[in-house]
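Architecture and fold: a report
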Amino acid sequence: MAGGLKEGFLQLTRYLQDPEHVARFQRMCGVRATDTRDKTYNGTTFVRHGAVQNGGGDGVRRRTTESETDGQKCKKGVANRTAVLAPGTGKGQHSGRAPDDHLEDGSELNAARGSTVKPLRRNSLTEDVGQEFLIENKFLFYLFTLGTELGNELFYIMFFPFFMWNVDAYVSRRLVVVWVWVMYLGQCTKDVIRSPRPASPPVIKVEMFYNSEYSMPSTHAMSGTAIPVSLFLLTYGRWEYPLLLGLSLALSWCVLVCLSRIYMGMHSILEIIAGFLYSLLILVVFSPALDIIDTFNCTHRFAPLLIISLHVGLGLFSFTLDTWSTSRGDTAQILGSGAGIALASHINYKLGLLPDQPASMLPLHPQPLTLSLIGLCLLRFCLGVIILLITRAIMKALTIPLVCRIFGIPCDDVRKARQHMEVELPYRYIVYGTVGLNALFLVPFLLGYMGLM
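Everything numeric here is computed off the predicted structure, so don't read it as measured data.

The rules we used
Residues numbered from 1 in each chain as written. Predicted model: local features only at pLDDT ≥ 70, side-chain atom pairs only at ≥ 80, totals over all residues. Heavy atoms only, no water. Helix = DSSP H or I, 4+ residues; strand = E, 2+ residues; numbered from the N terminus. Buried < 20%, exposed > 50% of the residue type's maximum accessible area, 1.4 Å probe, protein only. Contact = heavy atoms within 4.5 Å. Areas by Shrake-Rupley, 256 points an atom, 1.4 Å probe, with all protein chains shown as cover. Core = buried A, V, L, I, M, F, W, Y, C linked by side-chain atoms within 4.5 Å. Patch = residues over 30% accessible without salt bridge, like charges linked within 9 Å, V, L, I, M, F, W, Y side chains within 5 Å. Salt bridge = Lys/Arg side-chain N within 4 Å of Asp/Glu carboxyl O. 1 Å grid on protein atoms, 1.4 Å probe; cavity = no way out; pocket = protein on both sides within 12 Å on 5 of 7 lines; lining within 4 Å. Points joined across faces, edges and corners; volume = space filled by probe spheres on them. Phe/Tyr/Trp six-rings, centres within 6.5 Å; stacked < 30°, edge-to-face > 60°. Nonpolar A, V, L, I, M, F, W, Y, C, P; charged D, E, K, R; others polar. Axes fitted to C-alpha atoms, helices over the stretch in contact; angles between N-to-C directions. Parallel < 35°, antiparallel > 145°, perpendicular 65-115°, else oblique. Expected span 1.5 Å × (residues − 1). Polar contact = N/O pair within 3.5 Å; in protein donor to acceptor, adjacent residues only side chain to side chain.

1. What to know about the overall build of the protein
Tallying secondary structure elements over the protein gives 15 helices and 7 strands in all. Within the protein, the proportion of its 453 residues that are buried is 48%. When contacts within the protein are restricted to residue pairs at least 6 apart in sequence, those whose partners lie at least 24 apart make up 75%. Accessible surface, the protein: about 21900 Å² in total, of which carbon and sulfur atoms supply 66%.

Have a look at this one:
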């Protein structure tokens, strides 16, 4: 009996891990690989580039030219279509319409079927830009691009400060604690399991940035589940809004992020489910402790020492799990941001800045949405982001050369230098620790001084 259940479970996991399901979902959503065959129309050869393992290959289309190589003419063609490019992919190429709209097997030409795009952002470790592919449904492409951005660190680096400065610092402090633990445990679990990304082919890599990282579980699914669920749990009852609205927004956020990772070709169905369930388990364990953690960060006299020691120790542990990859820097960045915000919580409490609303004022009522309120929120956000960008630029310029000099590592090639744990850990930790500190302390202090808080 137990053996049959185990075998059934293993079969289910193998089924959910099958990359063919990812490829099928991509085709259903209008993502197509370019045709591997050449087709000639009125003397012009249209070259299709096929799929490459792990999304490699540049798949560049060129206009027809002729050159002599060993006495043979080599014709290079461009498939007739208008190229709509994803962010960061460069310039598009345009050409006329082919006289025939169908290939020999009756399928439509790529020009009629969709637009040619390159993967979102090249891989920061390998510099791989990936293969070109076709998008037949632009609405789903942009929708799932938004979904995947909702799980990226860049979004949270903007979302948390905006929430701190314009909505509720109390909630944002606790959200950051959840974010740090979910992302840290997710990245460490990836490096322990070491499961590769879905194979390509059959999967099309719509995104390349994280392609060199391990895949199980999906940390996008984890953060895309933990943050909206925690946001709902922390705000409902504290803020006055309809229950159905909060549940709908949290569910939509979660589903959009999870489905986007399958659409992007970054995760299998099993990895999405594992990330979803893993984040719920972390929430069950850590949610009851959020008040204890936040109270300790704000009030205990030894909190700064423990905060710094804990986050540095976690970073050192995670960096020993595997060789350098983009996840190493992300982990250090998350830990640094969390440490900086925790330190700022302590400083604000000691100085009486950003005090929490007393229980007698609860539930809080959202202010009427007016043009003046929108303008004030945008002004706070823009000024705050400028301060944080200046902070990041200054700390980056100071930290990398200093750390390289301390450990005797050449800093001529910054990207290569940062592959050393001795550089990457202190660089990310110090820079984003300072950014986190300024986000919750310096920016509100300056905005209050200017009368904008």
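2. Structural notes on the nonpolar core
Membership of the largest hydrophobic core comes to 68 residues, with the highest contact counts inside it found for Phe 144, Tyr 156, Phe 159, Phe 160, Trp 179, Trp 253 and Tyr 263. The element that contributes the greatest number of residues to this core is helix α6 (residues 169-193), accounting for 13 residues. When neighbours within four sequence positions are excluded, Phe 159 is seen to be in contact with Leu 175, Leu 231 and Trp 253. Counting 10 residues, the second largest nonpolar core, distinct from the first, contains Met 395, Val 403, Ile 409 and Ala 417.

3. Points about a nonpolar patch on the surface
Together, Leu 369, Leu 371, Ile 374 and Leu 378 line one region of the surface with nonpolar side chains, adding up to about 460 Å² of accessible area. Considering the arrangement of structural elements, one finds Leu 369 in the loop between α12 (326-351) and α13 (371-407). Relative accessible area serves as the criterion here: at 71%, Leu 369 is assigned to the exposed category.

4. Comments concerning the side chain of Ser 279
Turning to its location among the elements, Ser 279 is positioned in helix α9 (residues 269-286). A relative accessible area of 0% places Ser 279 in the buried class. Residues in contact with Ser 279, not counting those within four places in the same chain, are Ala 221, Met 222, Thr 225 and Ala 226.

5. What about the layout of surface pockets?
Roughly 1100 Å³ of internal volume is contained in the largest pocket. Phe 163, Asn 166, Val 167, Asp 168 and Trp 239 are the residues nearest the centre of the largest pocket, which is lined by 35 residues in total. Put simply, the parts of the chain that give the lining of the largest pocket at least two residues each are α5 (153-166), α6, α7 (219-235), α8 (243-263) and α13. Sorting elements by how many residues they give to the lining of the largest pocket places α5 first, with 6 residues.

6. Side note on the packing of aromatic side chains
The full count for this structure, using the stated rule, is 18 aromatic pairs. Taking the centre distance of 5.6 Å and the plane angle of 70 degrees together, the rings of Phe 162 and Phe 381 count as edge-to-face. One end of the pair, Phe 162, is in helix α5; the other, Phe 381, is in helix α13, and 219 residues separate them in sequence. The exposure class of Phe 381 is buried, given its relative accessible area of 18%. Through a chain of ring-to-ring contacts, three or more aromatic side chains come together here, namely Phe 155, Tyr 156, Phe 159, Phe 160, Phe 163, Trp 179 and Trp 253.

7. Quick look at the pattern of salt bridges
For the structure on display, the rule yields 9 salt bridges. One salt bridge connects Arg 173 with Asp 294, and the closest N-O pair in it is separated by 2.9 Å. Residue Arg 173 is located in helix α6, and its partner Asp 294 is located in helix α10 (residues 290-299); the two are separated by 121 residues in the primary sequence. Residues Arg 173 and Asp 294 agree in their burial class; the two are buried. Among the charged side chains, a salt-bridge network with shared partners connects Arg 173, Arg 174, Asp 291, Asp 294 and Asp 356.

8. Section: empty space enclosed by the protein
For the coordinates displayed, the defined rule picks out 3 cavities of 30 Å³ or more. Lining the largest cavity we find 13 residues, and of these Ile 157, Pro 161, Ser 337, Ile 341 and Gly 436 sit closest to its centre. Where the lining of the largest cavity is concerned, the elements lending two or more residues are α5, α12 and α15 (421-449). When residues of the lining of the largest cavity are assigned to their parent elements, the largest contribution, 5 residues, is made by α5. Partitioned by chemical class, the residues of the lining of the largest cavity number 11 nonpolar, 2 polar and no charged. Roughly 60 Å³ of internal volume is contained in the second largest cavity. The set of elements that each furnish at least two residues to the lining of the second largest cavity consists of α6 and α7.

9. So, the packing of α5 against α7
Between α5 and α7, the shortest axis-to-axis distance is 14 Å and the interhelical angle comes to 10 degrees. By the angle between their axes, α5 is roughly parallel relative to α7. Contacts between α5 and α7 pair Tyr 156, Phe 159, Phe 160 and Phe 163 from the former with Ser 223, Gly 224, Ile 227 and Leu 231 from the latter. Here the contact of α5 with α7 is composed, by residue class, of 6 nonpolar, 2 polar and no charged.

10. As for the side chain of Ser 337
As for its position among the elements, Ser 337 is in helix α12. Classification of Ser 337 by relative accessible area gives buried; the value is 7%. The contact partners of Ser 337, leaving out residues within four places of it in the chain, are Trp 179, Tyr 432, Gly 433 and Gly 436.

11. Notes on α6
Helix length check: α6, at 25 residues, gives a terminal C-alpha distance of 36 Å against a target of 36 Å (1.5 Å per residue), a fit within 8%. Of all 25 residues that make up α6, 21 are buried, and the element is covered over most of its length. With a side-chain oxygen lying 3.0 Å from the backbone nitrogen of Tyr 170, the N-terminal cap of α6 falls on Asp 168. Remark: Arg 194 follows α6 within two positions and exhibits a positive phi of approximately 60 degrees.

12. As for α8
The terminal C-alpha atoms of α8 lie 30 Å apart, and with 21 residues this matches the ideal 30 Å at 1.5 Å per residue to within 8%. Gly 265, located one to two residues past α8, shows a positive phi value of around 75 degrees.

13. As for unusual backbone geometry
In this model, Pro 201 is joined to Pro 202 through a cis peptide bond whose omega is 10 degrees. By the element assignment, Pro 202 lies in the loop between α6 and α7. Even without being glycine, Arg 194 reaches a positive phi, approximately 60 degrees. Of note, Arg 194 is situated in the loop between α6 and α7. Exposure remark for Arg 194: the relative accessible area of 42% places this residue in the partly exposed category. Of note in this structure, Leu 354 is not a glycine but carries a positive phi near 50 degrees. Secondary-structure assignment places Leu 354 in the loop between α12 and α13.

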